[in-house]
Amino acid sequence: MKITVVGAGAIGGLFGSFLCKSGEEVTFVDINREHVAAIQAAGLIIERQSGTEVLTVKATTNIEEAGTPDLIIFSVKAYDNQQAAEDCLKIVGPDTIVLTVQNGVGNVETLSAVLGAGRIIAGTTAFGCTVLGPGRIKPSETGSISIGELDGRITPRLERVVAAFTKAGVEMHTSQNVDSLIWTKLLVNVGINPLGAITLLTNGQLLEHEETKSLQAAAVAEGAAVAKAKGIEFMTENILEHVRGVARGTYNNKASMRQDVERGSRTEVLAINGAIVAEGQKLGIPTPVNETLTKLVKAIEKRGKI
Ligand SMILES: NC(=O)C1=CN([C@@H]2O[C@H](COP(=O)(O)OP(=O)(O)OC[C@H]3O[C@@H](n4cnc5c(N)ncnc54)[C@H](OP(=O)(O)O)[C@@H]3O)[C@@H](O)[C@H]2O)C=CC1
Ligand SMILES: CC(C)(CO)C(=O)C(=O)O
């Protein structure tokens, strides 16, 4: 398959590296000139516990150089979706598929509006990855990817994408209910990310303080009420226990939203807690905890790096 990674940061870099290993033809596109220049000069450097891997790959800041791909790995932050999707219009052909495993909700909707819902395959990932510096990424040691068609069918194109990742040794799952996947991951991020960003506690430490533990439970309960009103079923019986399990399992992680505020970057809070507030408003469900968390994170964003 001919593959273009749009947003070759942490997740785009990692996913692209898997597909390179499978022997696919991958082009990395990113607007960050320094990052692209570093990849062009010295390759994509992947730092694992087992050692450092250097992949010689094609990278560019000009999406048109990528040509028309079979598959786009769409991996920008949610707030860059509109621009990046419009950029993709320059390269999509009639059969180009677009895969998003971005966090939050609203990603599929934006991509569908700009590029057409028929192209979109969506899901979630349990991999984590961090950009250490230009051209250098550090992935989690384990993870998996779950993807599905928006209409729940298991199609040949979905199986082709799964096969490409599987060939690289990645644990892949197909889903017939991507909303369930996305909302289950959403509630994990709802319950962990803003609290990590505000308190600077690690994911696991959030469970050790009555204040953060109860705020987490309240934020997740609001999200669960909104999901229920939308008819969305979670992948798990007890969503709060699931969120706590992820927090325990990633005890030492700094949530990505915390990493964003520490860098003085924008966060995805509007696509996470802000989305619960927006959906709650449409459905007449009060979401005061998510509203407060969203406002606090937005204020911290405006403050910038300390
Ligand atoms: N990192 C992780 O562990 C995980 C991330 N995700 C999700 O994956 C998505 C990507 O996150 P992550 O990889 O961490 O983000 P990164 O910030 O590491 O990477 C995004 C990259 O996209 C670039 N970019 C922005 N706009 C464009 C554009 N129009 N065209 C091409 N490149 C562009 C950014 O450049 P610049 O820096 O200059 O803005 C940046 O280099 C998010 O939705 C996140 O929630 C999901 C699970 C885990
Ligand atoms: C699962 C979790 C909370 C891991 O840190 C995450 O997805 C994030 O930080 O964005």
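Numbering of residues begins from 1 in every chain and follows the order in which that chain's sequence is written. Here chains are named by letter from A upward and ligands by number from 1 upward, in the order in which they appear as written. Given that this is a predicted model, residues contribute local features only at a pLDDT of at least 70 and side-chain atom pairs are listed and counted only at 80 or more, while totals for whole chains, interfaces and linings are drawn from all residues. To obtain the side-chain values, all non-hydrogen atoms of the structure were used and water was disregarded.

## Description of the overall build of the protein
Okay, step 1: Looking only at helices and strands, one finds 11 helices and 12 strands in the protein.
Okay, step 2: In summary, the protein has a C-alpha radius of gyration of 19 Å against a globular reference of 19 Å for 306 residues, a match within 12%.
Okay, step 3: Structurally, the protein occupies a C-alpha span of about 50 × 40 × 35 Å along its principal axes.
Okay, step 4: Note on definitions: a residue-residue contact is assigned when non-hydrogen atoms from the two residues lie within 4.5 Å. Taking all contacts inside the protein whose residues are at least 6 apart in sequence as the whole, residues at least 24 apart take part in 69%.
Okay, step 5: We get accessible surface area from the Shrake-Rupley algorithm with a probe of 1.4 Å; when it comes to residues, only the shown protein chains can shield them. Surface summary for the protein: the accessible area is close to 13,500 Å², and the carbon and sulfur share equals 51%. Strands here mean DSSP runs of E at least two residues long; helices mean DSSP runs of H or I at least four residues long; both are numbered from the N terminus. With the radius of gyration taken over C-alpha atoms, the globule rule is written as 2.2 Å times the number of residues to the power 0.38.

## A look at the environment of Glu159
Okay, step 1: Along the polypeptide, Glu159 turns up in helix α5 (residues 156-167).
Okay, step 2: Given the relative accessible area of 45%, Glu159 is considered partly exposed.
Okay, step 3: Sequence separation between Glu159 and Thr174 is 15 residues; the distance between their C-alpha atoms is 8.4 Å. To sort residues, take the accessible area from a 1.4 Å probe on protein chains only and compare it with the maximum for the residue type: under 20% means buried, over 50% means exposed, and anything in between is partly exposed.

## Re the site of ligand 2
Okay, step 1: The full set of residues close to ligand 2 is Asn103, Lys185, Asn189, Ile192, Asn193, Asn203, Val246, Asn253, Ala255 and Ser256.
Okay, step 2: A distance of 3.0 Å separates an oxygen atom of ligand 2 from a polar side-chain atom of Asn189.
Okay, step 3: Nitrogen and oxygen atoms within 3.5 Å of one another constitute a polar contact, given that in protein one can donate a hydrogen and the other can accept it, and given that sequence-neighbouring residues count only through two side-chain atoms. Asn193 is positioned with one of its side-chain polar atoms (N or O) 3.1 Å from an oxygen atom of ligand 2.
Okay, step 4: Contact with the protein chains covers 86% of the free accessible surface of ligand 2, which is 280 Å².
Okay, step 5: Tallying contributions element by element places helix α6 (residues 178-199) first for the shell around ligand 2, with 4 residues.
Okay, step 6: Only Asp, Glu, Lys and Arg are considered charged in this grouping, and only Ala, Val, Leu, Ile, Met, Phe, Trp, Tyr, Cys and Pro are considered nonpolar; every other residue, Gly among them, is considered polar. Tallied by class, residues from the shell around ligand 2 come to 3 nonpolar, 6 polar and 1 charged. Nearness is defined per residue: one heavy atom within 4 Å of the molecule or strand is enough.

## Topic: the nonpolar core
Okay, step 1: Among buried residues, those of type Ala, Val, Leu, Ile, Met, Phe, Trp, Tyr and Cys that are joined through side-chain atoms within 4.5 Å constitute a nonpolar core. Residues Trp183, Leu186, Leu187, Val190, Ile192 and Ile276 are the most contacted members of the largest nonpolar core, which totals 36 residues.
Okay, step 2: Listed by contribution, the elements that provide at least two residues to this core are α6, α7 (210-229), α8 (239-249), α9 (256-263), α10 (273-283) and α11 (288-303).
Okay, step 3: If you tally residues by element for this core, the top one is α6, at 9 residues.
Okay, step 4: Setting aside anything within four residues of it in sequence, one finds Ile192 in contact with Asn203, Leu206, Gln216, Val243, Val246, Ala247 and Ala255.

## Focus: the site of ligand 1
Okay, step 1: Neighbouring ligand 1 are 25 residues, the closest being Ala10, Ile11, Asp30, Cys129 and Glu268.
Okay, step 2: Here an oxygen atom of ligand 1 sits 2.8 Å away from a polar atom, N or O, in the side chain of Asp30.
Okay, step 3: Between an oxygen atom of ligand 1 and a side-chain N or O atom of Asn103, the distance comes to 3.1 Å.
Okay, step 4: When ligand 1 is considered free in solution it has 880 Å² of accessible area, and contact with the protein chains removes 83% of it.

## Considering the domain arrangement of the protein
Okay, step 1: Reported domain spans reflect what an automatic or database domain assignment gives. Under the domain assignment used here, the protein contains domain 1 (2-176) and domain 2 (179-303).
Okay, step 2: Spacing between the C-alpha centres of domain 1 and domain 2 amounts to 24 Å.
Okay, step 3: If you look at the interface, domain 1 gives 15 residues, while domain 2 gives 14 residues.
Okay, step 4: When two parts are brought into contact, each loses some accessible area as probed by a 1.4 Å sphere; the total of that loss over both is the buried area. Interface of domain 1 and domain 2: buried area, both sides summed, is about 1,400 Å²; carbon and sulfur atoms make up 59% of it.
Okay, step 5: When the buried area of domain 1 at its contact with domain 2 is split by residue, Tyr79, Asn103 and Val105 rank highest and sum to 45% of it.
Okay, step 6: We define a salt bridge as a side-chain nitrogen of Lys or Arg found within 4 Å of a carboxyl oxygen belonging to Asp or Glu. Between domain 1 and domain 2 we count 1 salt bridge in total.
Okay, step 7: Put simply, Lys77 and Asp260 hold a salt bridge, and the shortest N to O gap is 3.5 Å.
Okay, step 8: Where domain 1 meets domain 2, there are 4 residue pairs in polar contact (both at pLDDT 80 or more).
Okay, step 9: Looking at the side of domain 1 that touches domain 2, the elements that each hand over two or more residues are β8 (120-125) and β11 (145-149).
Okay, step 10: Looking at the side of domain 1 that touches domain 2, the element that brings in the most residues is β8, giving 4 residues.
Okay, step 11: Classifying every residue of the side of domain 1 that touches domain 2 gives 6 nonpolar, 8 polar and 1 charged.

## A word on the UniProt feature "domain: Ketopantoate reductase N-terminal" (unreviewed entry) in the protein
Okay, step 1: UniProt positions are given in the numbering used here, feature names are shortened, and annotations may be inferred rather than shown by experiment. As recorded in UniProt, the feature "domain: Ketopantoate reductase N-terminal" (unreviewed entry) lies at residues 3-151.
Okay, step 2: Secondary structure content for residues 3-151 is 26% helix and 34% strand, and the end C-alpha separation is 23 Å.

## A look at the UniProt feature "domain: Ketopantoate reductase C-terminal" (unreviewed entry) in the protein
Okay, step 1: Per the UniProt entry, the sites bearing "domain: Ketopantoate reductase C-terminal" (unreviewed entry) are residues 177-301 in this numbering.
Okay, step 2: Counting secondary structure, residues 177-301 comes out at 69% helix and 0% strand; the distance between its end C-alpha atoms is 34 Å.

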